[in-house]
Amino acid sequence: MKNRWKPSATVAAIIEHQGKFLLVEEHTPEGLRLNNPAGHLDEGESLVDGCAREALEETMHLFTPTHLLGVYMSRFQRQASTEQAAEDITYLRFAFCGSLGALQTGRSLDTGIVRTLWLSPDEVRASAARHRNPLVLQCMEDYLRGQRYPMSLIHTDANVMNLQPVAPGGTP
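The structure contained in this document is the topic of the report that follows. (Residues numbered from 1 in each chain as written. Predicted model: local features only at pLDDT ≥ 70, side-chain atom pairs only at ≥ 80, totals over all residues. Heavy atoms only, no water.)

Time to look at the overall build of the chain. Counting its regular elements, the chain contains four helices and eight strands. Ordered by position in the sequence, the α and β elements of the chain form the string β-β-β-β-β-α-β-β-β-α-α-α. By the compact-globule yardstick of 16 Å for 172 residues, the chain fits well, its C-alpha radius of gyration being 17 Å. With the C-alpha coordinates of the chain rotated into their principal frame, the extents come out at 55 × 45 × 35 Å. For the chain, the residues scored as buried account for 37% of the 172 residues in total. Counted over contacts in the chain with a minimum sequence separation of 6, partners at least 24 positions apart contribute 72%. For the chain, the exposed surface amounts to about 10,300 Å²; the carbon and sulfur share of it is 52%. One finds the centroid of the 16 positive side-chain charges in the chain at a distance of 4 Å from the centroid of its 20 negative side-chain charges. (Helix = DSSP H or I, 4+ residues; strand = E, 2+ residues; numbered from the N terminus. Rg over C-alpha atoms; globule rule 2.2 N^0.38 Å. Buried < 20%, exposed > 50% of the residue type's maximum accessible area, 1.4 Å probe, protein only. Contact = heavy atoms within 4.5 Å. Areas by Shrake-Rupley, 256 points an atom, 1.4 Å probe, with all protein chains shown as cover. Lys, Arg positive; Asp, Glu negative; His and termini not counted. Charge placed at Lys NZ, Arg CZ, Asp CG, Glu CD.)

Two aromatic rings are characterised by how far apart their centres lie and by the angle between their planes. The full count for this structure, using the stated rule, is one aromatic pair. Summarising the aromatic geometry, the rings of Phe 21 and Tyr 143 are spaced 5.5 Å apart at their centres and angled 90° between planes, so their arrangement reads as edge-to-face. Remark: Tyr 143 occurs in helix H3 (residues 135-144) and Phe 21 occurs in strand E3 (residues 20-28); sequence separation between them is 122 residues. For Phe 21, a relative accessible area of 3% corresponds to the buried category. A relative accessible area of 15% places Tyr 143 in the buried class. Above the plane of the ring of Tyr 143 lies Arg 148, whose end atom (NZ or CZ) is 3.9 Å from the centre. (Phe/Tyr/Trp six-rings, centres within 6.5 Å; stacked < 30°, edge-to-face > 60°. Lys NZ or Arg CZ within 6 Å of the ring centre and 35° of its normal.)

Strand order in the open sheet formed by four strands is E5-E1-E7-E6, and the pairing between neighbours is mixed. Every other strand in the sheet has two partners, leaving strand E5 (38-40) and strand E6 (61-78) as the edge strands with one partner each. On average, each strand axis in the sheet is tilted by 25° relative to the strand beside it, whichever way the strands run. Summarising the sheet, strand E1 (residues 8-14) and E5 pair through three bridges and their orientation is antiparallel. For Thr 10, the partnering residue across the bridge sits in E5 and is His 40. In the packing of helix H1 (residues 47-59) onto the sheet, the strands contacted are E1, E5, E6 and strand E7 (87-103), and the crossing angle to E6 comes to about 90°. (Pairing = 2+ DSSP bridges. Axes fitted to C-alpha atoms, helices over the stretch in contact; angles between N-to-C directions.)

Right, here's the structure in full:
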């Protein structure tokens, strides 16, 4: 049986406050890179909940998504090295903008996150060579253009939150 191709589903928080954007600096195999607070969608969570969770884990701030900014696809290819096999990954990113909440004291930044940074649009553009992927800049530019979609576009069926194991040979 042929394996079915599946992109990696990710969520990203595009957070702007007083004309600056909140980015994270994180360790990657390519060195320190800048990214939006973002990560993989976890099993059993909605896109909105996943985005809020990732923002909290990576910035220590509460975040409430209020609009879908867009749905994006990008491809990342990493050459093989002595430490790691080659990778070819397509990401399907659901980006949200919203309201930044309070800093949650007593938390620490997620593993691999070095620090958070507030950068102006010009600083984000000037740092493009350090971005983890091209979507960092694309999402910011879409936000600045006023692109927003209602949250009503997103629907998560209740069965996602109540995942039950499927017996071998069974269908979900």
